[in-house]
Amino acid sequence: MAVSTVQRKGISKKASKEAVKKNKSHKYTWEGLDRRGAKTKGEIQATNPALAKAQLRKQGIKATKVRKKGSDFFVSKGKPVETKDVSLIARQMATMMKAGVPLVQSLEIIGSGNDKPSVQELVLAIKNDVEGGSNFADALRKHPRHFDDLFCDLVGAGEQSGALETMLERIATYKEKSEALKSKIKSAMNYPIAVMIIAGIVTAILLIKVVPMFEAMFKGFGADLPAFTKFVVSISDFMQEWWWVFIVVIVGFIFVNRELSLKSEPWRDFKDRLALKLPIISEILNKGAVARYARTLSTTFAAGVPLVEALESAAGASGNVVYRTAILKIRDDVSTGMQMNLSMQSVGIFPNMVVQMVAIGEESGALDNMLSKVAEIYEQEVDDAVDGLSALIEPIIMAVLGVVVGGLIIAMYLPIFQMGSVI
């Protein structure tokens, strides 16, 4: 049976990843003599000692000792490379290559000019690999933590077509817009969570530290306390005795959630599905997923990547299992000859407007432009939804805080008010 294009693509990508794993670069310390015969030493990034010596010879250094550097467990490496750093690298590379600066020199300038040691190390390691004979895409694949398959595939397509600087500009634009969208969604979710955590801490302090002081004072009254005050005092007694249980449960939940999120795909899928059912937040997450889908598909399809492969990349970039499953089904449908808009309509999660715009793009032969417009529309809708959520949630949070804190204060002062009325 003949192997399909998608299968061949998957096999070649797997083989490429295995080759990259075997040729993973390491840091080596070296000692040697420079061109004038003077002793010198330093560090270099290479896949093996022989390649390290070859790179040093190109620099006019005769290496006498080359050793693999051990990992410094107790040494701080500073801030790690973040996604925004990768986005900035792509933009700087696009700008310099557009200006005619060669690839290796561009990497040298970016690596040497960055303030973060981790970014310097990453970029200079890529530069050393390119100098050692690797193409740019393969050098990036040695760092999958920072450069995903989509990034590497687009760079590889740019190298093969001879339009690397244009492709880097598209990648930079894609990364910048994607990161802006992620930042908006994170801010929408983090703000209320942070405020509620602070409210919980304040309430716990009041119940554990402040209420007992009033309780001691109430015991000297010799009179029955109001029911509301008794209720708050009982909660305070419970918190004083079992506060450690709450801390254990919270810390345990955070730890278990982190471990399951890293190791358990069913748990990640459960959280993805649950997030799309939450009130208010679900609207932002749905629009964000549609925007990512359209932006990724537009970028890859415009770069000349076949539609089936572009859909595979879009599935990986969707950020949610519901959309990932739906996009993979669309990919399978398109590979059998079905029009993409009909398949999108059949999965039932894409808005009607998006389906219609994709249909127009397919009919007019301008699918990438139409998808780009869809991405712009939904990115703007996410912005508006986040702004609206922030404006709505502030008074709600203030009201909740007022009810909780105000209720505790009223409960503590009710006995004093009753005594005043009796006197």
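Only a predicted model underlies this, so the values are computations on that prediction, with no experimental measurement involved.

Colleague: How do you make sense of the overall build of the protein chain when you look at a structure like this?
Modeller: A count of helical and extended segments in the protein chain gives 16 helices and three strands. Counting over 423 residues, the protein chain shows a buried share of 39%. Counting every atom, the protein chain has about 24,100 Å² of accessible surface; 61% of that belongs to carbon and sulfur.

Colleague: Can you help me understand the nonpolar core in this one?
Modeller: Proteins that are soluble and globular tend to have nonpolar side chains buried together. Core analysis: the biggest nonpolar cluster contains 81 residues, and Phe136, Tyr293, Met340 and Phe350 have the highest contact counts within it. Excluding residues within four positions of it along the chain, Phe136 makes contact with Met93, Leu103, Leu107, Ile126, Val130, Val155, Glu159, Leu164 and Leu168. In terms of nonpolar packing, the next biggest core, distinct from the first, is built from 11 residues, Leu207, Phe218, Val232 and Met412 among them.

Colleague: What's the story with the pattern of salt bridges in this structure? I'm lost.
Modeller: Two side chains bearing opposite charge may form a pair once their charged atoms approach each other closely. Scanning the model with the defined rule gives 17 salt bridges in all. As a salt-bridge pair, Lys287 and Glu381 come within 3.2 Å of each other at their nearest N and O atoms. Of the two residues, Lys287 sits in helix H11 (residues 281-302) while Glu381 sits in helix H16 (residues 367-422), which places them 94 residues apart along the sequence. Judged by its relative accessible area of 27%, Glu381 falls in the partly exposed class. For Lys329, the salt bridge identified is with Asp333, shortest N-O distance 3.0 Å. In this pair, Lys329 and Asp333 are both assigned in helix H13 (residues 321-335), four residues apart and thus about one turn of the helix distant. Its relative accessible area of 39% is what places Lys329 among the partly exposed residues. Given the relative accessible area of 14%, Asp333 is considered buried. When salt bridges with common partners are traced through the structure, they connect Glu82, Lys84, Asp85 and Lys116 into a single cluster.

Colleague: Help me out: how do you make sense of a nonpolar patch on the surface in this one?
Modeller: A cluster of nonpolar side chains, contributed by Phe238, Trp242, Trp243, Trp244, Phe246, Ile247, Val248, Ile250, Val251, Phe253 and Ile254, occupies part of the molecular surface with about 1,100 Å² of accessible area. Within the fold, Ile254 resides in helix H9 (residues 227-263).

Colleague: What is the right way to read the confidence of the model for the protein chain from this model?
Modeller: In low-pLDDT regions, the fine details of the predicted coordinates are not to be read closely. Confidence along the protein chain averages 79 in pLDDT terms, with 89% of residues attaining 70 or more. Across residues 1-11, where pLDDT falls below 50, the model places eight contacts with residues more than four positions away in sequence or in other chains. Confidence drops under pLDDT 50 across residues 71-77; counting only partners more than four residues distant or on other chains, this segment forms zero contacts.

Colleague: What is the right way to look at the packing of helix H10 (residues 265-275) against H13 in this model?
Modeller: A pair of packed helices is characterised by two quantities: the angle between their axes and the separation of those axes. Closest axis-to-axis distance for the H10/H13 pair is 8 Å, and the angle between their directions is 100°. Of the possible angle classes, the one that applies to H10 and H13 is roughly perpendicular. Here H10 contributes Asp269, Asp272 and Arg273 to the contact with H13, which in turn contributes Val321, Val322 and Arg324. Taken together, the residues of the contact of H10 with H13 break down into two nonpolar, no polar and four charged.

Colleague: When you look at the environment of Arg273 in this model, what are you seeing that I'm missing?
Modeller: Mapped onto the elements of the fold, Arg273 is located in helix H10. Under the relative-accessibility criterion, Arg273 is labelled partly exposed at 42%. Sequence separation of Arg273 and Tyr323 is 50 residues, and the distance between their C-alpha atoms is 9.8 Å. In contact with Arg273, not counting residues within four places along its chain, are Val321 and Val322.

Reading guide: rules and limits
Residues numbered from 1 in each chain as written. Predicted model: local features only at pLDDT ≥ 70, side-chain atom pairs only at ≥ 80, totals over all residues. Heavy atoms only, no water. Helix = DSSP H or I, 4+ residues; strand = E, 2+ residues; numbered from the N terminus. Buried < 20%, exposed > 50% of the residue type's maximum accessible area, 1.4 Å probe, protein only. Areas by Shrake-Rupley, 256 points an atom, 1.4 Å probe, with all protein chains shown as cover. Core = buried A, V, L, I, M, F, W, Y, C linked by side-chain atoms within 4.5 Å. Contact = heavy atoms within 4.5 Å. Salt bridge = Lys/Arg side-chain N within 4 Å of Asp/Glu carboxyl O. Patch = residues over 30% accessible without salt bridge, like charges linked within 9 Å, V, L, I, M, F, W, Y side chains within 5 Å. pLDDT = per-residue confidence, 0-100. Axes fitted to C-alpha atoms, helices over the stretch in contact; angles between N-to-C directions. Parallel < 35°, antiparallel > 145°, perpendicular 65-115°, else oblique. Nonpolar A, V, L, I, M, F, W, Y, C, P; charged D, E, K, R; others polar.

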